[in-house]
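# Summary of the model geometry
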Amino acid sequence: KPIMVGETAARASDQVRYIQSIQAQLPVSYPKIKALMYFHAPGDFDNWSLQGNGLAAFKTLANTPYFSYR
């Protein structure tokens with residue numbers, strides 16, 4: 001059965017690298033993961049909101065064929 005990651009996030013300074021690593025590794029290392037949710041919110045100790053290049057990287061990830069439901 002497909003699996004969904006219910007929450008993931010990275011600090012603004014790490015977002016691009018983190019999201020690009022998800023795009024590269026998920027299909028190879030965890031092929032049953034077919035959905036993920038990004039925790040887009042400021043936190044008490046850090047800001048987890050997608051910002052700038054991190055948002056662009058997430059849009060690229062979301063538009064990959066791997067996440068296509070068709």
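As shown above, the structure is provided for reference.
As a starting point, this report considers the structure included with it.

What counts as what
- Residues numbered from 1 in each chain as written.
- Predicted model: local features only at pLDDT ≥ 70, side-chain atom pairs only at ≥ 80, totals over all residues.
- Heavy atoms only, no water.
- Axes fitted to C-alpha atoms, helices over the stretch in contact; angles between N-to-C directions.
- Helix = DSSP H or I, 4+ residues; strand = E, 2+ residues; numbered from the N terminus.
- Parallel < 35°, antiparallel > 145°, perpendicular 65-115°, else oblique.
- Contact = heavy atoms within 4.5 Å.
- Nonpolar A, V, L, I, M, F, W, Y, C, P; charged D, E, K, R; others polar.
- Core = buried A, V, L, I, M, F, W, Y, C linked by side-chain atoms within 4.5 Å.
- Buried < 20%, exposed > 50% of the residue type's maximum accessible area, 1.4 Å probe, protein only.
- Pairing = 2+ DSSP bridges.
- Right-handed = clockwise from strand over helix to strand, strands pointing away.
- Salt bridge = Lys/Arg side-chain N within 4 Å of Asp/Glu carboxyl O.

### Notes on the packing of helix α1 (residues 15-29) against helix α2 (residues 52-62)
One way to put it is that α1 packs onto α2 with a least axis distance of 8 Å and a crossing angle of 10°. Considering the angle they form, α1 stands roughly parallel to α2. On α2, the residues that touch Gln-15, Val-16, Ile-19, Ile-22 and Gln-23 of α1 are Asn-53, Gly-54, Ala-57, Phe-58, Thr-60 and Leu-61. Looking at side-chain class alone, the contact of α1 with α2 contains 6 nonpolar, 5 polar and no charged residues.

### Observations regarding the nonpolar core
Among the nonpolar cores identified, the biggest contains 12 residues, and these are Ala-10, Ile-19, Ile-22, Leu-26, Ile-33, Leu-36, Tyr-38, Leu-50, Ala-57, Leu-61, Tyr-66 and Phe-67. Of all elements in the fold, only α1, β2 (33-38) and α2 reach the threshold of two or more residues within this core. With residues near it in sequence (within four places) discarded, Phe-67 still touches Leu-26, Lys-34, Ala-35, Leu-36, Leu-61 and Ala-62.

### Quick word on the pairing of β2
Two elements, strand β1 (residues 3-8) and β2, share 4 bridges in a ladder whose sense is parallel. If you follow Met-4 over to β2, its bridge partner there is Ala-35. Crossover β1 to β2 through α1 is right-handed.

### Focus on the pattern of salt bridges
The full count for this structure, using the stated rule, is 2 salt bridges. The closest approach of N and O atoms between Asp-46 and Arg-11, which form a salt bridge, is 2.3 Å. Residue Asp-46 is located in the loop between β2 and α2, and its partner Arg-11 is located in the loop between β1 and α1; the two are separated by 35 residues in the primary sequence. Note that Asp-14 is salt-bridged to Arg-17, the shortest N-O span being 3.3 Å. The class for Asp-14 is partly exposed, based on a relative accessible area of 27%.

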